[in-house]
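Observations on chain architecture
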Amino acid sequence: MATFLYRLGRLAFRRRHLVALIWVALLTLAGAGAAGAPAAGTTSFSIPGTEAQKAFDLLEERFPGMSADGATARVVFKAPDGEKMTDAGPKATVEKTVEELSAGSEVASVTDPYRARAVSKDGTIAYAQVSYEVSGMELTDASKDALEGAARDAREAGLTVEIGGDALQAVPHTGTAEIIGIAIAAIVLVITFGSLLAAGLPLLTAIIGVGIGVSTIAALASTLDLGSTTSTLATMIGLAVGIDYALFIVSRYRAELAEGREREEAAGRAVGTAGSAVVFAGLTVVIALVGLSVVNIPMLTKMGVAAAGTVAIAVLIALTMIPALLGYAGRRVRPAGEKSKLLGGGRAPKKPGRPNMGTRWASFVVRRPVAVLLLGVLGLGAAAVPASSLELGLPDDGSQPVSTTQRRAYDLLSEGFGPGFNGPLMVVVDAKGSKDPQAAFTEVGDEIKGLKDVVTVTPPAPNKAGDTATITVIPDSKPSSATTEDLVHGIRDAGAGLRADTGADVLVTGATAMNIDVSQKLNDALVPYLVLVVGLAFLLLIVVFRSILVPLKAALGFLLSVMAALGAVVAVFQWGWLADLMGVEETGPVMSMMPIFMVGVVFGLAMDYEVFLVTRMREAFVHGEKPSQAVVTGFRHGARVVTAAAVIMMAVFAGFIGSSEAMVKMIGFGLAIAVFFDAFVVRMAVVPAVLALLGRKAWWLPKWLDRALPNVDVEGEGLRSAADAGKHADPDGELVRV
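Let me begin by describing the structure that accompanies this report.

Rules of the game
Residues numbered from 1 in each chain as written. Predicted model: local features only at pLDDT ≥ 70, side-chain atom pairs only at ≥ 80, totals over all residues. Heavy atoms only, no water. Helix = DSSP H or I, 4+ residues; strand = E, 2+ residues; numbered from the N terminus. Rg over C-alpha atoms; globule rule 2.2 N^0.38 Å. Buried < 20%, exposed > 50% of the residue type's maximum accessible area, 1.4 Å probe, protein only. Areas by Shrake-Rupley, 256 points an atom, 1.4 Å probe, with all protein chains shown as cover. Lys, Arg positive; Asp, Glu negative; His and termini not counted. Charge placed at Lys NZ, Arg CZ, Asp CG, Glu CD. Pairing = 2+ DSSP bridges. Axes fitted to C-alpha atoms, helices over the stretch in contact; angles between N-to-C directions. Contact = heavy atoms within 4.5 Å. Phe/Tyr/Trp six-rings, centres within 6.5 Å; stacked < 30°, edge-to-face > 60°. Lys NZ or Arg CZ within 6 Å of the ring centre and 35° of its normal.

**Describing the overall build of the chain**
From N to C terminus, the chain includes 22 helices and 13 strands. Taken over the C-alpha trace, the chain has a radius of gyration of 30 Å; the compact-globule value for 738 residues is 27 Å, and the two agree within 12%. In terms of overall dimensions, the chain has a C-alpha envelope of 95 × 50 × 45 Å along the principal axes. Looking at the chain as a whole, 54% of its 738 residues are labelled buried. As displayed, the chain offers around 31000 Å² of accessible surface, 60% of which is attributable to carbon and sulfur atoms. For the chain, the separation between the mean place of its 63 positive charges and that of its 69 negative charges on side chains is 17 Å.

**A closer look at the sheet that holds strand β1 (residues 72-78)**
Taken together, the 4 strands give an open sheet; going across it, the order is β2-β3-β1-β4, and neighbouring strands pair in antiparallel fashion. Only two strands of the sheet have a single neighbouring strand rather than two, namely β2 (107-110) and β4 (160-165). Mean inter-strand twist for the sheet, computed between neighbouring axes without regard to direction, equals 20°. Relative to β4, β1 runs antiparallel, the two sharing 6 bridges. Paired with alanine 73 across the strands is glycine 165, a residue of β4. Relative to β4, helix α5 (residues 141-156) is tilted by about 155°, and along the sheet it contacts β1, β3 (125-132) and β4. The sheet contacts of helix α13 (residues 405-417) involve β1, β3 and β4, and relative to β4 the element is tilted by about 105°.

**Regarding the side chain of serine 519**
With respect to the helices and strands, the residue serine 519 is situated in helix α16 (residues 511-545). Taking relative accessible area as the criterion, serine 519 reaches 9% and is therefore assigned buried. Not counting residues within four places of it along the chain, the set of residues in contact with serine 519 comprises Leu392, Gly393 and Ser592.

**Re the pairing of β3**
Here is the key point about a regular strand: its side chains alternate between the two faces of the sheet. Taken across its 8 residues, β3 has 6 buried, putting it largely inside the fold. Judged from the 7 bridges that link them, β1 and β3 form a sheet pairing that is antiparallel. Residue pairing in the sheet places threonine 72 in a bridge with serine 131 of β3. Across 3 bridges, the pairing between β2 and β3 is antiparallel. Considered in β3, the bridge of serine 109 is made with serine 131.

**Brief notes about the packing of aromatic side chains**
Evaluated as defined, the whole model comprises 9 aromatic pairs. A centroid spacing of 5.4 Å and a plane angle of 85° characterise the contact between tyrosine 127 and phenylalanine 417, whose relative ring orientation is edge-to-face. Here tyrosine 127 is found in strand β3, whereas its partner phenylalanine 417 is found in helix α13, with 290 residues between them in sequence. The structure contains a cluster of three or more aromatic residues connected by ring pairs, namely Tyr127, Phe417 and Phe421. Here arginine 16 stacks its cationic end above the ring of tyrosine 328, 5.9 Å away from the centre of that ring. Its end group placed over the ring of tyrosine 114, lysine 91 keeps NZ or CZ at 5.2 Å from the ring centre.

Structural data, given as structure tokens:
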């Protein structure tokens, strides 16, 4: 591995014009493809194998004109103080608005609040339901403008009017915080390298890699049914790993220059050693992201595969474009320890010969391993405590910022009709195998009326064939509550008994039931996913480190950091700690996919630091140092760079906390805090403490397994004997052969 990458690095350095041309051409092609691709259509959200999905599919089959997947809007009206919606003035305004809404070209139907009995008991609030023939993502701007225009006209007449539903669904924005994250990354790189040029290389290559990845996603969005969150995740992961991978190779290149190597040789050795770590770190991230397909939720699978593709591009760019750009830079990228004149280069160090911070910290940990280990483990355990009260759900309009019309409509409906009105359950009765379908419909409705937490049960609405009916159930509790979940399970349990009595199948669907099924599916998949991803990565790390205990320690450390991160997510988004600081306007259940998503992404990122830091220790140990000294050597060379990489990754992830999308905000915070726990507590404290306690046992591997494993030479042992003769540097820093 190291020898192949060494040759690749030198080739890219020499053929830099060709390498740069290839990557620029790929970026241009991807950009042209994105610009010429048709606009992405609806993003289907299906959960194969769940009852809610089966019911949804049955509705499409038995109610073909229902437009079950069409956009909906609830136009909610509130009368001025002292008036009621049944008064002549407000009633005339509502009727005019309904007539105006019905004229839309994409409108399938509009309900009249007075005919549909959609007026609250106190008469102050009413709503009109607008159904469209197309989905929210396919709805034209003209239809959205007409909807907002009708609401505006009603407001001018004196009513309070808000619009809920998915008709006004918008692509989430991340705000300026994302740019701030990149700016922080740039500052950290300048401090780390002491050079503006060296700092700019990782940023440039990361932006090119993300540009190629995101443009490719945009080009394929319509064909592969990719949603906006897919590109957001790819950007988030791609920027973070792209900067980090380039950072490690540039840092190793400068270290090789400091040892007196010529520039082409230094580029080859940097790619051969640090590049090997980049390859295996990237593989762990790709395994974790592609492994999300185990959950069998198409949207999650697409997000994982798209992000994995962006990570693969980041690895390839780091291995090829970084050495090519180093060739262009020449002497302007200085050896480690030297700064550019602009940043104070040429000055004598204040304390020459003093060990760096990484060396001093590692020496302290090696002297006090038990105390450091206990403090780290207990601290992470305390942070993980809130995770014991984790509640899962999916965001709805109730989690939107209070500044949005969707959230205000949600609150008005709760005020006028009760909290459960925002999460109606749709019961589908399939009586095709029943002898008396009408009697079956009636019996199902009567059975549901007798259940707890039920406010309203509408009469059965059969299809034209008379073999299937829908019944709408309004719970007494809000959609995300445990009480509503119990009601869904109660209806399904009752349906099992009704099937035996009537021969009809009873299925529960709707957004609320779909959310419950998603949560259950994700919970069921978590353990198999964890076993698959951790198991594959464990085997990969055995090959990398040629050890059993080091990969085992890496996996256990990851579990500590991910549990602590989940605890922090619960504390902020469920309990409301620091909610104002994070811009969380509404606390509630944690997003259902958050645990499994964090397991996948955080595991991949955690292994990045493990590989980068511990391969330096392994390299020192293989080259004859004692185990404790190898730990110190690994930190002397790697701690500064790993710290910079972690701060950069945290800055990039934290930038997404400014997103308007609750899911993206939660993911950004969760990943940022997970990187903090894993990099600064697990990898910087727990890992060296454990290795110091284990000594030589840490690197033990059974002889039979040692013979069976392939030798990937991540440490670059095969390069140690490579001769430096035959090359020298000219005054401009270019290499010539003699």
